[in-house]
Structures are given as structure tokens and as C-alpha cells.
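Survey of secondary and tertiary structure
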Amino acid sequence: MTRLDFTFKGRECILIQPTTRSFKSDGGKMVMYMEYFGAFPNTAISLVEHGYHLSYIKNGNRWGTDDDQHMRRDFVDFLAEAYGLSRRFVTIGMSAGGVASVNFAHLYPDYVSVLYLDAPAMNLLSAPLGYNKPARNEETVKEVLDALGLTASEMLSFRGHPMDKMGTLAEHDIPVVLVYGDSDTSVPYEENGKLLADFYEKHGKRDIIAVFGKEGGGHHPHGLPDPKPIVDFILNRDR
């Protein structure tokens, strides 16, 4: 495999090209880290071994704001033109990366083939703001509010959480592979990922979502000890 480091419109970017390219009718397959490039990489490595290109563009912030998603769309268009890659790609959305994944899919559903969401923050009031917790990280609270341009009071009536965008995912039949730890206190599953799992179940999308829970698992490590179930789902759904 070959790693390319470059800038696109002033943003740091990475593209890892596989040794053997896997072709689609509209170009080579691609998976993109939406945040935290290189974290818990066994799934990404396996996909590269299956012929996927692995890409990344640095976000302006971690909280999925529209300006980052529009830039990501432009980046994907650039990769399609410069390297012949498909405009439809698989997301790797771990934790805050899940926010970017869902928000991008909401804005540009035709660009997303599969969402891989790992302990995704679906409800920002739960994670990372921790409004129902006795102690929370005030620096992170400020980071989120600054990124969204909201006050703490305005956040209570905010309707731009990933959970508010689940209808777009279901409407466009976007497959989801969801991983969580049942002892995750940073991004509690019941208040975040389970909202999406239940929404897909309620709206008849059971056949396009796979949920993998880790008994006793916390927020880290992300992924599964053996990434094969995640990779198999992606390979079967990315068509």
C-alpha cells in the first residue's frame, strides 16, 4: 500500500492506496475516517487489504458542522476526479466521528454507501455534554457550544443532533453497522446508538443494520477484537 499526504483547500489530507485495487462501476471503493485518523485501525486495515482506498480530511472541529461536511463533499469530488475513486464511500465514525458521519449522510445521502458507527454520539446533550451527569468536562462543553455557535440555554432546544437526522438515513436505505460497549459511560448506548438501532427496527430497516454489543465493554477500545463481522457486513452492503 502507498500513503499520500497532501493538502486540499488548506486542509491536511491522507490517502492510502491499496496494493490491489477493488473496482466498482463508478470507480475504486473508498472508506473514510471521519475523525481520529488511525485510531483502532484493524477494521480500516482489513478494508484496505480488501482493496479499499482509505482517506481522511482534517475537520475544522469535531462536531459535524455543515462547513466541514461541505468541504468533505468537495474533497470526495476531488478524489473522484484525481484518482478515479467512487463518490459513494464507507464512513468510519468513532465517537465524535459518528456525529460527522450522520451529519454528512443527512446532507449528502447519495455519497454514503455504508455507515460504520462505533459508540457514536447521537444525542449531544447526553454525549459529550453529559447534562444528566453530576460531573462533566467543562472544556468539552465549551468546545461543543463554540463549534455550534450556541449558548447552554439554546442547546436545550437544539434540533440538529444526529438523532434528529435518522429519518434521512432510513429514507435512503443507508446500511449501518453499529458497535457499542454495554458499560460505556462516556457515550451511553441507551441514550445514543440504541436510538438509531430502535429507529431502524421501528421503520422496517432491520435487514440493513447490524448491531454488535460488547459485554462489559467501555468506550474504548473501539471496534471488535476480530473485525471480520464488521468487514463482512460492509463488503456485502457496499454495492
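Notes on the structure follow. (Residues numbered from 1 in each chain as written. Predicted model: local features only at pLDDT ≥ 70, side-chain atom pairs only at ≥ 80, totals over all residues. Heavy atoms only, no water.)

Describing helix α8 (residues 228–237)
Those residues of α8 that sit buried are Ile230, Val231, Phe233 and Ile234. With its buried residues spanning 160° around the axis, α8 presents them on a single face. Among the structural elements, α1 (42–49), β7 (89–94), β8 (112–118), β9 (176–181) and β10 (209–214) are those in contact with the buried residues of α8. (Buried < 20%, exposed > 50% of the residue type's maximum accessible area, 1.4 Å probe, protein only. Helix = DSSP H or I, 4+ residues; strand = E, 2+ residues; numbered from the N terminus. Arc of directions from axis to C-beta. Contact = heavy atoms within 4.5 Å.)

Points about the pairing of strand β6 (residues 53–57)
Among the 5 residues in β6, 5 count as buried, and that is most of the element. Side chains of β6 alternate between two faces, with His53, Ser55 and Ile57 and Leu54 and Tyr56 buried alike. Across 4 bridges, strand β2 (residues 11–17) lies against β6 in antiparallel orientation. Considered in β6, the bridge of Ile14 is made with Tyr56. (Pairing = 2+ DSSP bridges.)

Quick look at the packing of helix α2 (residues 66–83) against helix α3 (residues 96–107)
The packing of two helices is summarised by the inter-axis angle and the distance between the axes. Closest axis-to-axis distance for the α2/α3 pair is 10 Å, and the angle between their directions is 70°. The orientation of α2 with respect to α3, classified from their angle, is roughly perpendicular. Along this stretch, α2 crosses α3, giving a crossing that reads as right-handed. In this structure, α2 contributes Asp66, Gln69, His70, Arg72 and Arg73 to the contact, and α3 contributes Ala100, Asn103, Phe104 and Leu107. Per-class residue counts for the contact of α2 with α3 are 3 nonpolar, 3 polar and 3 charged. (Axes fitted to C-alpha atoms, helices over the stretch in contact; angles between N-to-C directions. Parallel < 35°, antiparallel > 145°, perpendicular 65-115°, else oblique. Left-handed = near helix turned anticlockwise from the far one by under 90°. Nonpolar A, V, L, I, M, F, W, Y, C, P; charged D, E, K, R; others polar.)

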